[in-house]
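Reading the structure
Single-letter residue listing:
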Amino acid sequence: MIPTFGSYHLGNVRLHRSLTPGLSAPFDADGFALADIAVADGKISSITAHDRSADGVDLGGRIILPCFIDCHTHIDKGHIWPRKPNPDGTFMGALNATGADRTARWSAEDVARRMDFSLRSAYAHGTRALRTHIDSVAPQEEISWPVFETMREAWRGRIELQGACLLGIEGVRDRKWFDRLAKRVAAAKGVLGVVTYMVPDLEELLDQVFAQAINHGLDLDFHADETDDAAAISLKKIAEAALWNGFEGNILVGHCCSLARQPDLDVLDTLDKVAKAGLAVVSLPMCNLYLQDRRPDQTTPRWRGVTLLHEMKARGIPVAVASDNTRDPFYAYGDLDMLEVYRMATRILHFDHPVADWPRTVTATPADVMRLDGFGTLAAGGDADFILFKGRSWTELLSRPESDRIVVRGGRAIDRQLPDYAELDGLMVE
Ligand SMILES: [Zn+2]
């Protein structure tokens, strides 16, 4: 029996070194220490090394993590799969299918209902903050941004919602329109985002993007090089543009798949620039595994699609992993469960032997990138927003779905009921 309100003590829980900066206790080789947590008035009043003689419930060494931070999603696209599947599992198949669905079906009501469904799932799984990209190809920006603003208000206090506009870099060529979009994003306190790939005028267009971000005081969020083509070096171009524009805001870059296909010397040069420019990188392991190296004629994929997170982290580049797409043509699966993302990342990206501080990739690091003070770690004086798992070790935690995890928000266990897919049936008919 676990108390879910008022003041209480959770005794004998496992906390991770990388997520509990204030805890002084003996940590084991996996980075865990046994601890006791006191909660009062929705806050953590203390975290101390486990004391057998202390009052409170003995939780038998179960793991507690801070609530998750999901810094790269597409909840405006989410759950359209039943009406618009990807015909062949390729990136181009995804792009074309989504474009057709957006043009035909993305009314304010359609977008709002799917967004709300996504947020309820994320909340039930233990996510506390989420950034979504918002397809902003005209005229969709006029429809989706007001929906986003309404949704952000409705969810305030449960999920901190951030939005970043999403368009191909070529859209920036229409300077007047892009200027209007940047103003719209600024009015919504959003983030300026574009998708970069190798176009002849990439440097010029990036300068436009940086100029607008500086002009409006916006952070930046890129999709870069989501391809196996080794000639795709837009990550390097973004880092160079950040340096020569003297950009001081936060920059998050997603995907960077082609980096893993490039010669070592080129990689090192790019990573030097990424570190110097202060870029953060988010890998989207599930989506990359699904789309990258998709081969014709039912042949088998031969690479994992993810970027070089280990090499980045070794250089001090902030790195995160996130959900990306859920049940849309870019990824047929997913439910915005960041435990699933972390479990898959552990397997695809080798977040183990040692686990080290990889747990920060779904908590503290994306919180920093999203400027969310006090999110993503557990500390005395902080909000009592955490997840209590059954697992007592990494192998226990990451072997089962942990569908019975307990999510505590403001000191209280929340109702973890997931929305029923049948709710969306009305949006799926022709
Ligand atoms: Zn994405």
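Here is a short report on the structure shown in this document. (Residues numbered from 1 in each chain as written. Predicted model: local features only at pLDDT ≥ 70, side-chain atom pairs only at ≥ 80, totals over all residues. Heavy atoms only, no water.)

Summed over the entire model, instances satisfying the criterion amount to 29 salt bridges. Residues Asp116 and Arg120 are paired through a salt bridge, measuring 3.2 Å at the closest nitrogen-oxygen approach. Pair noted here: Asp116 and Arg120 are both in helix α2 (residues 108-125), with a separation of 4 residues, about one helical turn. Exposure remark for Asp116: the relative accessible area of 23% places this residue in the partly exposed category. In this structure, Asp293 engages Arg295 in a salt bridge whose closest nitrogen and oxygen atoms are separated by 3.0 Å. Classification of Arg295 as partly exposed rests on a relative accessible area of 30%. Via salt bridges that share partners, Glu203, Lys236, Lys237, Glu240, Asp269 and Lys273 belong to a single interconnected network. (Salt bridge = Lys/Arg side-chain N within 4 Å of Asp/Glu carboxyl O. Helix = DSSP H or I, 4+ residues; strand = E, 2+ residues; numbered from the N terminus. Buried < 20%, exposed > 50% of the residue type's maximum accessible area, 1.4 Å probe, protein only.)

Looking at the element boundaries, Leu339 is found in helix α10 (residues 338-349). Sequence separation between Leu339 and Phe68 is 271 residues, and the spatial gap between their C-alpha atoms is 8.3 Å. If we ignore the near neighbours within four places in the chain, the residues touching Leu339 are Phe68, Phe389, Leu397, Leu398, Pro401, Glu402 and Arg405. (Contact = heavy atoms within 4.5 Å.)

With that settled, the discussion passes to the coordination of the zinc ion. Surrounding the zinc ion are the protein donor atoms His72 (NE2), His74 (NE2), His223 (NE2) and Asp324 (OD), which sit 2.1 to 2.4 Å from the metal. If you look at the zinc ion, its 4 donor atoms make angles of 86 to 175 degrees with each other, and the shape they trace is irregular. Read from N- to C-terminus, the donor residues coordinating the zinc ion fall into the pattern H-x1-H-x148-H-x100-D. Of this pair, His74 sits in the loop between β5 (68-73) and α1 (91-105) while His223 sits in strand β9 (residues 220-224); the two residues are 149 residues apart in sequence, bridging distant segments of the chain. A relative accessible area of 2% places His74 in the buried class. Judged by its relative accessible area of 5%, His223 is buried. (Donors = N, O, S within 2.8 Å, 3.2 Å for Na, K, Ca; no water. Tetrahedral: all angles 85-135°; square planar, octahedral: opposite > 155°, others 65-115°.)

The pairing of strands in a sheet comes from backbone hydrogen bonds and takes either a parallel or an antiparallel form. Ordered in space as β8-β9-β10-β11-β12, the 5 strands form an open sheet in which the pairing is parallel. Because the sheet does not close on itself, it has two edges, and the strands there are β8 (192-196) and β12 (319-321). The mean angle between the axes of side-by-side strands here comes to 20 degrees, regardless of whether they run parallel or antiparallel. (Pairing = 2+ DSSP bridges. Axes fitted to C-alpha atoms, helices over the stretch in contact; angles between N-to-C directions.)

Sizing a probe to match a water molecule and rolling it over the atoms shows the empty space that remains. As a volume, the largest pocket reaches approximately 560 Å³. Along the walls of the largest pocket sit 28 residues, with Phe91, Leu95, Val195, Tyr197 and Phe330 positioned nearest its centre. Within the residue set of the lining of the largest pocket, elements represented by two or more residues are α1, β8 and β9. Of all the elements, α1 adds the most residues to the lining of the largest pocket, at 5 residues. (1 Å grid on protein atoms, 1.4 Å probe; cavity = no way out; pocket = protein on both sides within 12 Å on 5 of 7 lines; lining within 4 Å. Points joined across faces, edges and corners; volume = space filled by probe spheres on them.)

Time to look at helix α6 (residues 234-244). Residues that lie three or four places apart on an α-helix share one face, since the helix turns once every 3.6 residues. For α6, the tally of buried residues reaches 9 of 11 residues, placing the bulk of the element in the interior. Listing the buried residues of α6 in full gives Ser234, Leu235, Lys236, Lys237, Ile238, Ala239, Glu240, Ala241 and Ala242. Buried positions along α6 lie against β8, α5 (202-216), β9, β10 (251-255), α7 (264-277) and α9 (309-314). Where α6 terminates, the next one or two residues include Gly246, which has phi positive at roughly 60 degrees.

Bringing the nonpolar core into the picture now. Ranked by size, the top nonpolar core spans 110 residues in total, and within it Phe222, Ile251 and Leu279 carry the most contacts. Ile251 has contacts with Phe210, Leu220, Phe222, Ile238, Ala242, Leu279 and Ala280, leaving out every residue within four places of it along the chain. Formed by 19 residues, the second largest nonpolar core is a distinct cluster that contains Val13, Ala25, Ala35 and Leu59. (Core = buried A, V, L, I, M, F, W, Y, C linked by side-chain atoms within 4.5 Å.)

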